[in-house]
Amino acid sequence: MSRDHTFYFPVEHKALEKIVTEFQERFDEFLLDNFSDDELSENERFTDAIGVFFVQPILSELSFDDFYADPIEHSAQRIFFKSCTSSISVENLPYFESNPFQVTYLLDFLNSVGEVLIDRGGIETLQFKQVYIEHLKKFKNLDSLLKVEPIIKMPKTNLPVHPMDFLVKDTYTELNQLNALGKIPNVIEEMKSLPPGMKKVMDVLLTGNFDAETLLIKSTLGPKEFGDQLERLKFFLRRMNKV
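Just so it is clear, the structure is predicted and the values come from calculations on it, not from any experiment. (Residues numbered from 1 in each chain as written. Predicted model: local features only at pLDDT ≥ 70, side-chain atom pairs only at ≥ 80, totals over all residues. Heavy atoms only, no water.)

Draft legend 1. Representation of the overall build of the chain within the structure. From N to C terminus, the chain includes twelve helices and five strands. Against the compact-globule benchmark of 18 Å for 243 residues, the chain has a radius of gyration of 19 Å, which places it among compact chains. With the C-alpha coordinates of the chain rotated into their principal frame, the extents come out at 60 × 40 × 30 Å. Counting across all 243 residues of the chain, residues that qualify as buried make up 46%. Counting only contacts in the chain whose residues sit at least 6 apart along the sequence, the fraction spanning at least 24 positions is 79%. For the chain, the exposed area adds up to about 12900 Å²; of that, 54% sits on carbon and sulfur atoms. Across the chain, 27 positive and 39 negative side-chain charges occur, with their mean positions spaced 6 Å apart. (Helix = DSSP H or I, 4+ residues; strand = E, 2+ residues; numbered from the N terminus. Rg over C-alpha atoms; globule rule 2.2 N^0.38 Å. Buried < 20%, exposed > 50% of the residue type's maximum accessible area, 1.4 Å probe, protein only. Contact = heavy atoms within 4.5 Å. Areas by Shrake-Rupley, 256 points an atom, 1.4 Å probe, with all protein chains shown as cover. Lys, Arg positive; Asp, Glu negative; His and termini not counted. Charge placed at Lys NZ, Arg CZ, Asp CG, Glu CD.)

Shown next, in the form of structure tokens:
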């Protein structure tokens, strides 16, 4: 499962920004009400690892067919996506097994908003809110920990920590799948019609397996343009996988 998830909402961008800001304020108050300063300091690594919310309008070129829809919910998901105008990209999610703060953060947020369509990245199928919530409930959250046990310090890992690394990972997943299907020649041909920024990123991807920082440097693009073109490239490769 990808460590970047995207939530799609039938809510205007500015309204969604306000919803997120108010929720984050409530969550901060919840932590202050339920944990002492010492406890918060002790568990700072957990709270610092909570995936960052980025609110943004939906890319105009993004279409429902760019996703892997749930076969059963396909029609309902397509109709719902057409009503969506904004999204939240949650980057660099910690593993749910190891961070009950993250689990509670997502559960509380989703329980405070209406219906949401969720893209978990990679080749994972889209999910509506309730299915995603039921999955989250399988992991420990702060309610259970506050009642029965202290939070245990988890060992540090060598997992990727740069948010863009997970988008890079998803893009390589799509590219590797195309390679396994023998579609790389088709991709190279289609590259001729790509915008220059996307072609620069693609050219570097085809030369080796790089982390986000290295890929950024080799692409010669600025950070903002690199992130935008990489996201567009991911969905381009996903469309090629469906051809």
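Draft legend 2. Highlighting the nonpolar core. Judged by nonpolar contacts, the single largest core of 32 residues is most densely connected at F7, I88 and F109. Sorting the residues of this core by element identifies β1 (5-9), α1 (13-34), β2 (52-57), β3 (86-91), α5 (100-111) and α6 (129-136) as the ones contributing at least two each. A total of seven residues in this core trace back to one element, the largest contributor, which is α5. Apart from the residues within four sequence positions on either side, F109 is in contact with F9, I19, V20, F23, F53 and I88. Listed in part, the 25 residues of the second largest apolar core include L167, L178, F210 and L230. (Core = buried A, V, L, I, M, F, W, Y, C linked by side-chain atoms within 4.5 Å.)

Draft legend 3. Quick peek at the sheet that holds strand β5 (residues 127-128). Read from one edge to the other, the open sheet built from five strands follows the order β2-β3-β1-β4-β5, with strand pairing classed as antiparallel. Two strands close off the open sheet at either side, each with one partner strand: β2 and β5. With five bridges joining them, β1 and β3 adopt antiparallel strand pairing. Directly across from F7, in β3, lies its bridge partner I88. (Pairing = 2+ DSSP bridges.)

Draft legend 4. Focus on the packing of helix α10 (residues 196-205) against helix α11 (residues 212-219). Here α10 crosses α11 at 120 degrees, and the two axes come no closer than 9 Å. Comparing the axis directions of α10 and α11 gives the class oblique. α11 is crossed by α10, and the crossing has right-handed handedness. Mapping the contact onto sequence places K200, V201, V204 and L205 in α10 and L215, K218 and S219 in α11. (Axes fitted to C-alpha atoms, helices over the stretch in contact; angles between N-to-C directions. Parallel < 35°, antiparallel > 145°, perpendicular 65-115°, else oblique. Left-handed = near helix turned anticlockwise from the far one by under 90°.)

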